[in-house]
Amino acid sequence: MIELKTFNRKELEDFVSSGEFSKYDFLPITAHRAISQINNPKASDDQTLLILAFFEGKLAGYVGCFPDYFMVDGKKVHFAWLSTLYINPEFQKKRPAKKLLKKVFEEYNGQIAITEFTKEAEALYIIMGVFDYAFPKRGKRYYFRTDAAGIIPEKKPQTKIGKPLFYTLDAIANSLISIKNLSVGKPNFKYEILDRADAESINFVAGFSENRNAEEINTFIDHPWILKGKKEEKYYFSSFAEVFTYFWVKIYNDSGELTACLLLQIRNGYLKIPYLFSNNDYDRIVRFLSYFIIENKIKGFTCYHLQLNEAISHSSVFPKIYERDSKREYLFHKELLQNLPETFNPHFQDGDGDCMMT
């Protein structure tokens with residue numbers, strides 16, 4: 001029989017600090033992700049952050065919860081994002097996944113949302129019959145350098161023997177691309193690159209009605225889910241990367257006034273902009289990004305910021321070599337949708353949910 005164990009903020013802290021979390025055949029959470037979850041400003045002390053499923057004393061699976069809330073007519077609508085769901089294949093027939101999900105629904109009264117899910121997980125969520133697709137985001141994925149050595153062997157493992165050739169082809173192609181990009185110079189306007197939002201940025205961001213403020217963003221910069229290092233083999237979600245870095249960028253107008261703040265994230269050569277706050281100064285943002293992308297040898301960039309994508313489409317300096325459409329789906333529990341007005345629009349930024357942390 002499947003038995004479940006829940007962990008709130010204090011229980012999770014004790015679970016990790018004691019080392020008990022590491023005694024299983026696979027990890028239900030990493031220490032640094034647990035610290036981040038514990039420090040989540042939108043989590044209350046009694047909310048469940050992790051649920052473990054056991055069968056005859058053995059860990060059969062787990063689900064992670066990331067508390068959040070929307071502000072609707074001045075009131076908080078609390079809910080949680082499903083951040084992880086893993087089942088040990090040895091116990092699939094015991095159906096721990098459905099038991100874990102039903103427990104999550106019970107803990108949060110059905111106030112659950114999900115995004116960035118795999119096809120396999122999506123199929124399970126749909127079978128449950130309690131989720132609807134809502135608030136999809138359409139965006140673009142841009143490419144700036146070739147990465148045959150990374151992409152081809154990953155998609156076709158039998159081609160790993162050809163990696164030396166792929167590296168050579170990448171080097172030749174990227175050298176030619178670098179020559180083409182020599183015309184993109186350093187921006188001639190004032191900007192700053194910091195490691196977190198400063199006081200001026202916090203005041204600027206406070207003027208925007210977004211789902212996260214700058215102080216919350218700083219919390220997750222300080223407590224990331226991914227650290228620099230080798231992958232944790234016993235944990236099956238994002239935990240370590242060769243490169244994982246945040247940059248807080250401030251852009252000014254000719255009068256010296258702050259007009260835009262951006263949070264940039266680089267993970268192993270790929271760029272995201274989890275948060276962008278701008279007074280419509282998108283031309284300067286594109287010019288800065290063009291320089292930043294070349295300087296940091298960015299391979300690709302996925303963006304769901306509609307106004308930024310529009311500005312990129314009119315830019316003559318943005319160094320993309322190829323682009324394609326992208327779509328991010330969201331699944332909302334029907335009970336959560338019932339608590340939101342019919343005209344509700346979450347105005348998700350690219351980092352909302354747990355997307356900023358991975």
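Sequence order as written defines the numbering, with residues in each chain counted from 1. Only residues with pLDDT of at least 70 get local features here, since the model is predicted, and only at 80 or more are side-chain atom pairs given and counted; chain-wide, interface and lining totals rely on the full set of residues. Side-chain numbers come from the whole structure's heavy atoms, not from hydrogens or water.

(A) View of the nonpolar core. We define the nonpolar core as a collection of buried residues of types Ala, Val, Leu, Ile, Met, Phe, Trp, Tyr and Cys that are connected through side-chain atoms lying within 4.5 Å of one another. Relative accessibility thresholds used throughout: buried, under 20% of the residue-type maximum; exposed, over 50%; partly exposed, between the two (1.4 Å probe, protein chains only). Membership of the largest hydrophobic core comes to 35 residues, with the highest contact counts inside it found for Phe332 and Met356. Within the residue set of this core, elements represented by two or more residues are β3 (58-72), β4 (75-87), α7 (199-205), α8 (214-222), β11 (244-252), β12 (258-267), β13 (270-278) and β16 (330-333). The contact rule is simple, with two residues in contact once any of their heavy atoms fall within 4.5 Å. If sequence neighbours within four positions are ignored, Met356 has contacts with Arg212, Ile217, Phe220, Ile221, Tyr246, Leu263, Gln265, Pro274, Tyr275 and Gly351. Core analysis: the next-biggest nonpolar cluster, separate from the first, contains 29 residues, Phe189, Phe247, Leu262 and Leu271 among them. Helix and strand labels come from DSSP, where a helix needs a run of H or I of at least four residues and a strand needs a run of E of at least two; each type is numbered from the N terminus.

(B) Molecular detail of the packing of helix α1 (residues 9-17) against helix α2 (residues 31-38). To get an axis, fit a line to the C-alpha atoms, keeping to the stretch in contact for a helix; angles then go from 0 to 180 degrees between the N-to-C directions. Packing of α1 against α2 leaves a shortest axis separation of 10 Å and a crossing angle of 160°. With respect to α2, the axis of α1 lies roughly antiparallel. For the pair α1 and α2, the sense of crossing is left-handed. Seen from α1, the contacting residues are Arg9, Leu12, Glu13 and Val16; seen from α2, they are Ala31, Ala34, Gln37 and Ile38. Here the residues of the contact of α1 with α2 sort into five nonpolar, one polar and two charged. Angle categories: roughly parallel below 35 degrees, roughly antiparallel above 145, roughly perpendicular from 65 to 115, and oblique for all the rest. Handedness of a helix crossing follows the sense of rotation of the near helix relative to the far helix, less than a right angle counterclockwise being left-handed and clockwise being right-handed. Nonpolar residues are Ala, Val, Leu, Ile, Met, Phe, Trp, Tyr, Cys and Pro. Charged residues are Asp, Glu, Lys and Arg, and all others, Gly as well, are polar.

(C) Expanded view of α1. Restricting attention to buried positions, one finds in α1 the residues Arg9, Leu12, Phe15 and Val16. With its buried residues spanning 125° around the axis, α1 presents them on a single face. In α1, the exposed positions that point more than 90 degrees away from the buried face belong to Lys10 and Ser17. Packing partners of the buried residues in α1 comprise β1 (2-7), α2 and β2 (50-55). It is the directions from the helix axis to the C-beta atoms that the arc portrays.

(D) Highlighting the side chain of Asp352. With respect to the secondary-structure elements, Asp352 resides in the segment after α11 (334-338). Despite being buried, Asp352 has no salt bridge partner; Arg212 is the closest side chain of opposite charge, sitting 4.6 Å away. Whenever two N or O atoms come within 3.5 Å, that pair is a polar contact, provided that in protein one can donate a hydrogen and the other can accept it, and provided that, for residues adjacent in sequence, both atoms are side-chain atoms. There is a polar contact of 3.2 Å between the side chain of Asp352 and the side chain of Asn211. Among the polar contacts listed, one links the side chain of Asp352 to the side chain of Tyr275, at a separation of 2.6 Å. Sequence-distant contacts of Asp352, that is, excluding residues within four places in its chain, are made with Asn211, Arg212, Tyr275 and His347. In summary, the charge assignment counts Lys and Arg as positive and Asp and Glu as negative, without counting His or the chain termini. We define a salt bridge as a side-chain nitrogen of Lys or Arg found within 4 Å of a carboxyl oxygen belonging to Asp or Glu.

(E) Highlighting the pattern of salt bridges. Per the stated rule, a full pass over the model turns up 21 salt bridges. Between Glu90 and Lys58 there is a salt bridge whose closest N-O contact spans 3.7 Å. Within this pair, whereas Glu90 is found in the loop between β4 and α3 (96-107), its partner Lys58 is found in strand β3, the two being separated by 32 residues in sequence. A relative accessible area of 36% means that Lys58 is categorised as partly exposed. A salt bridge links Glu122 to Lys119, with the nearest nitrogen and oxygen atoms 3.9 Å apart. Of the two residues, Glu122 and Lys119 are both situated in helix α4 (residues 119-128); the distance of three residues between them amounts to about one turn of the helix.

(F) Expanded view of the sheet that holds β3. An order of β1-β2-β3-β4-β5-β16-β6 is seen for the seven strands of this open sheet, with the pairing classed as mixed. One side of each edge strand has no neighbouring strand; the edge strands of this open sheet are β1 and β6 (131-133). With strand direction ignored, the average angle separating the axes of adjacent strands in the sheet is 30°. Bridge analysis of β4 against strand β5 (residues 112-115) gives two bridges, and the strand direction is parallel. Bridge pairing links Ala80 to Ile112 in β5. The criterion for strand pairing is that DSSP finds at least two bridges linking the strands in question.

(G) Representation of the sheet that holds strand β7 (residues 137-143) in the model. Taken together, the seven strands give an open sheet; going across it, the order is β8-β11-β12-β13-β14-β7-β15, and neighbouring strands pair in mixed fashion. Every other strand in the sheet has two partners, leaving β8 (191-194) and β15 (322-328) as the edge strands with one partner each. Adjacent strand axes in the sheet meet at a mean angle of 25°, parallel and antiparallel pairs treated alike. Sheet topology note: the β7/β15 ladder contains seven bridges and is antiparallel. When the bridges of β15 are listed, Gly139 appears paired with Ser326. Contacts from helix α9 (residues 282-295) reach β8, β11, β12 and β13, with the element oriented near 155° to β13. Contacts from helix α10 (residues 306-313) reach β7, β13 and β14 (300-303), with the element oriented near 40° to β7.

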